[in-house]
Amino acid sequence: MTLENSESEFTARFAEYAAQGTLYPQREGSPLMEFSAGGRVLYLFDRNGPYAAKAGPAHVIVHGVLEPEALTLLPGPQQEKLALVGVSALEGQGRVLAISRQICVVQARIPLVLAAFTPLPQCRPEDWVSFRTTAPLHGFVLG
């Protein structure tokens, strides 16, 4: 089961959910981009190619793969939460912006495109969910 057909297709499909933040220069030999957004510094696997992203202001689609059964429906409005787990994974809670069979877009301090290899719970836009991703997070830089 695949979550994307290509980097360009994925980027075009989810461009409207890109987070706005700052990219920092990549360390030589590291596949991870350092991206600051929503009051957090995320380390994202560079999906656009090594060293293709320029340091400075950027729009980046932050994409994570959910741990099995790690998306849970919450009652009523909650507070957005986002915490780093290890070097490149997240846990938190937020409001659902969009949902499809395998992908749930969640606003949790920043927009996150969260995918699963297992069925997602029944939820719809405006529902609140908690989540936990595996490492690494992926970053698709726009422009």
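As a reminder, the structure under discussion sits directly above these lines.
All of the points below concern the structure found in this document. What you see is a predicted model; the values in this text were computed from it and never measured.

The rules behind these values
Residues numbered from 1 in each chain as written. Predicted model: local features only at pLDDT ≥ 70, side-chain atom pairs only at ≥ 80, totals over all residues. Heavy atoms only, no water. Core = buried A, V, L, I, M, F, W, Y, C linked by side-chain atoms within 4.5 Å. Buried < 20%, exposed > 50% of the residue type's maximum accessible area, 1.4 Å probe, protein only. Helix = DSSP H or I, 4+ residues; strand = E, 2+ residues; numbered from the N terminus. Pairing = 2+ DSSP bridges. Contact = heavy atoms within 4.5 Å.

**Observations concerning the nonpolar core**
Okay, so step 1: Counting 28 residues, the largest nonpolar core has Phe35, Leu44, Val60, Val62, Ile110, Leu112 and Phe131 as the members making the most contacts within it.
Okay, so step 2: Among the nonpolar cores identified, the runner-up in size contains 11 residues, and Phe14, Ile61, Val105 and Val113 belong to it.

**A look at the pairing of strand 11 (residues 137–141)**
Okay, so step 1: With five of its five residues buried, strand 11 lies for the most part within the structure.
Okay, so step 2: On strand 11, burial covers both faces: Leu137, Gly139 and Val141 on one face and His138 and Phe140 on the other are all buried.
Okay, so step 3: Bridge count between strand 3 (residues 40–46) and strand 11: three bridges; the pairing is parallel. The residue bridging Asp46 from the neighbouring strand is Gly139, located in strand 11.
Okay, so step 4: As judged from the four bridges shared by strand 4 (residues 56–65) and strand 11, these two strands associate in the antiparallel manner. Across the sheet, residue His63 finds its bridge partner in strand 11, namely His138.

**Here we look at the environment of Arg13**
Okay, so step 1: Its location among the elements puts Arg13 in helix 1 (residues 7–14).
Okay, so step 2: Classification of Arg13 by relative accessible area gives partly exposed; the value is 40%.
Okay, so step 3: Separated by 64 residues in sequence, Arg13 and Pro77 have C-alpha atoms that sit 27 Å apart.
Okay, so step 4: Sequence-distant contacts of Arg13, defined by excluding residues within four places in its chain, comprise Ser100 and Ile103.

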